[in-house]
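Residues per chain are reported as follows:
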Amino acid sequence: MAGIGKPSAETGLHLALYRERPATGAILHVHTVWNTIFSAHYEPAGVAPIEGYELLKGLAGVTTHDYLEQVPVLKNAQNYTELVGGLEDALRKFPRAHGVLLSRHGLYTWGESVADARRHLEALEFLFEVEGRRLLAGQP
């Protein structure tokens with residue numbers, strides 16, 4: 001079935017996620033204050049580490065708080081061909097990641113269903129806020 005609208009410029013990113021994570025049934029993309037702050041902070045490192053929180057068990061396949069979630073952080077760009085390549089590389093480098101941040105832009109997360117993707121979204125956003133507040137408070 002053909003649509004009448006113009007596809008989003010970010011369509012290629014969604015297609016890359018489906019290719020690299022074949023079990024994916026749903027992708028969510030949001031722009032929030034905390035993922036924007038968090039992504040800007042970790043952009044130079046290219047990855048945002050989150051560990052030791054009970055809520056990590058909200059992510060598919062995670063069964064303990066003693067877990068390191070590594071969320072890739074890509075530099076945002078208007079060249080979507082370049083972004084797609086960066087996303088594919090990040091998904092291969094971090095095969096256990098449940099989300100990807102575009103720096104100063106937003107979060108992409110996914111799951112086997114909309115419910116799974118939403119659970120990942122809520123867990124990651126909570127963790128971004130907790131870690132962001134911890135960093136702002138100057139806590140190690």
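Everything below is about the structure printed above this text.
Thresholds, definitions, all that
- Residues numbered from 1 in each chain as written.
- Predicted model: local features only at pLDDT ≥ 70, side-chain atom pairs only at ≥ 80, totals over all residues.
- Heavy atoms only, no water.
- Buried < 20%, exposed > 50% of the residue type's maximum accessible area, 1.4 Å probe, protein only.
- Helix = DSSP H or I, 4+ residues; strand = E, 2+ residues; numbered from the N terminus.
- Axes fitted to C-alpha atoms, helices over the stretch in contact; angles between N-to-C directions.
- Parallel < 35°, antiparallel > 145°, perpendicular 65-115°, else oblique.
- Left-handed = near helix turned anticlockwise from the far one by under 90°.
- Contact = heavy atoms within 4.5 Å.
- Nonpolar A, V, L, I, M, F, W, Y, C, P; charged D, E, K, R; others polar.
- Core = buried A, V, L, I, M, F, W, Y, C linked by side-chain atoms within 4.5 Å.
- Phe/Tyr/Trp six-rings, centres within 6.5 Å; stacked < 30°, edge-to-face > 60°.
- Salt bridge = Lys/Arg side-chain N within 4 Å of Asp/Glu carboxyl O.

Caption draft 1: Examining the pairing of strand S5 (residues 106–111) more closely. Counting buried positions along S5 yields six of six residues, so the element is predominantly enclosed. Along S5, one buried face is formed by Gly106, Tyr108 and Trp110 and the opposite face, lined by Leu107, Thr109 and Gly111, is buried too.

Caption draft 2: Spotlight on the packing of helix H1 (residues 11–20) against helix H3 (residues 80–93). In contact at an axis separation of 9 Å, H1 and H3 are set at 25 degrees when each is read in the N-to-C sense. Judged by the inter-axis angle, H1 sits roughly parallel to H3. Both H1 and H3 take part in a crossing whose hand is right-handed. When H1 is examined against H3, the residues Gly12, Leu13, Ala16, Leu17, Arg19 and Glu20 are found in contact with a partner set consisting of Tyr80, Leu83, Val84, Leu87, Glu88, Leu91 and Arg92. Here the residues of the contact of H1 with H3 are counted per class, giving eight nonpolar, one polar and four charged.

Caption draft 3: Just the nonpolar core, in detail. Phe38, Ile50, Leu56, Val71, Leu101 and Phe128 are the most contacted members of the largest nonpolar core, which has 18 residues in total. Going through the elements one at a time, helix H2 (33–42), strand S2 (47–51), strand S3 (68–74) and helix H4 (114–136) are the ones with two or more residues in this core. Take this core: its biggest share by element is five residues, from H4. Ignoring anything within four residues of it in the chain, the contact list for Leu56 reads Ile50, Glu51, Val62, His65, Tyr67, Glu69 and Leu127. Of all hydrophobic cores here, the second largest spans 16 residues; its members include Ala16, Leu91, Leu102 and Tyr108.

Caption draft 4: Looking closely at the packing of aromatic side chains. Within the structure shown, the criterion is met by two aromatic pairs. Of the aromatic side chains, those joined through ring pairs into one cluster are Phe38, Tyr42 and Phe128.

Caption draft 5: Geometry of the pattern of salt bridges. Scanning the entire structure with this criterion turns up eight salt bridges. For Lys57, the salt bridge goes to Glu54, with nearest N and O atoms at 2.5 Å. Here Lys57 falls in the partly exposed class, since its relative accessible area comes to 39%. Where Glu129 meets Arg133, a salt bridge forms, and the shortest distance between an N and an O atom there is 2.8 Å. Taken together, the residues Glu129 and Arg133, both in helix H4 and four residues apart, mark about one turn of the helix. Of the residues examined, Glu129 reaches a relative accessible area of 27% and is grouped as partly exposed. In the salt-bridge network here, residues are joined through shared partners; they are Glu20, Asp89 and Arg92.

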